[in-house]
Amino acid sequence: MKSKNNACIKVLAMLFCILFLTVMIVSSKVATAKKTASFRVKIVLDAGHGGIDGGCMGSTDESVESTLNLLIVKELEGVLKSKGFSVFLTRENEDGLYGSTEPGFKLRDLQKRVEITSKISPDLFISVHLNKYASALRRGAQVFFKIDDKNSKNLAMKIQNSLNLLPESKRMYDALKGDYYLLNALSIPAVIVECGFLSNPEEEGLLLTKSYRVKLAKAIADGVVSYLV
């Protein structure tokens, strides 16, 4: 009887090992498949403004929107690439995309961003900006989506929900409709993420720190992943 029990235990142990190995192999294949699928997703990140168009300003010389937009985009690029996405930037340095400073440079700058994005044919487009308001009390990140575009709205909602979870935000927003050139000119899901208010002293201070920019990047990336799942 004892030998039979030992034999049963050995058989059960062997079956358990086979089951465990099977689960590990399947899990590995699923993880690989997910990473491969995410790698096929192309995302264009757009750091707003640049060159002679610095965007809005905070209370210090360091608080230039165009510079901070690029710093946030670089952090976001790193986070998204670590998740397996193919990431492209419309601008990678402080220069604007207008070519010439002749009148109409702002429109030419926007048109160039659309041109770059169209050539890449991405699945998603995210433009990063910062805000300013008459009242210094206004703070928090706000996400805008193309009017009457369900996919853009869904993407904006996912990113907004993720940003609302940041303890530093202290403000809960809903994703908002945005009648903006960049959003209207693109046929793919596209959003504009206003990452905070330079007119709010506390938030301005946060935006000037790398640690908070990393938090913003991770929150935006989490929203992207949530949208794609």
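(A) Summary view of the overall build of the protein. On a plain count of helices and strands, the protein comes out with seven helices and six strands. Put simply, the protein runs from its N terminus to its C terminus through helices and strands in the order α-β-α-β-α-β-β-α-β-α-β-α-α. Here the protein holds 229 residues, and the buried ones make up 46% of them. Carbon and sulfur atoms provide 60% of the accessible area of the protein, an area that totals close to 12,400 Å².

(B) Geometry of the side chain of Thr117. Position of Thr117 among the secondary structure elements: in helix 3 (residues 105-120). Here Thr117 falls in the buried class, since its relative accessible area comes to 1%. Here Arg113 takes part through its backbone oxygen, which lies 2.8 Å from a polar atom of the side chain of Thr117. Each residue touching Thr117, except ones within four places of it in the same chain, is listed here: Val44, Thr90, Pro122, Phe125, Leu186 and Ile188.

What counts, and at which threshold
Counting starts from 1 at the beginning of each chain's written sequence and moves along it residue by residue. Note on the predicted model: pLDDT of at least 70 is required for a residue's local features to be given, and 80 or more for side-chain atom pairs to be given and counted; whole-chain, interface and lining totals, by contrast, use all residues. The basis for every side-chain value is the complete set of non-hydrogen atoms in the structure, without hydrogens or water. Helix numbers and strand numbers start at the N terminus; a helix is a DSSP run of H or I with at least 4 residues, a strand a run of E with at least 2. Burial classification: accessible surface area is computed with a 1.4 Å probe over protein chains only, and a residue below 20% of its type maximum counts as buried, one above 50% as exposed, and the rest as partly exposed. Computed with the Shrake-Rupley method and a 1.4 Å probe, the accessible areas treat only the protein chains shown as cover for residues. Here a polar contact is taken to be a pair of N or O atoms separated by no more than 3.5 Å, where protein atoms must pair a possible hydrogen donor with a possible acceptor and residues adjacent in sequence count only if both atoms sit in side chains. We call two residues in contact whenever any of their non-hydrogen atoms come within 4.5 Å of each other.

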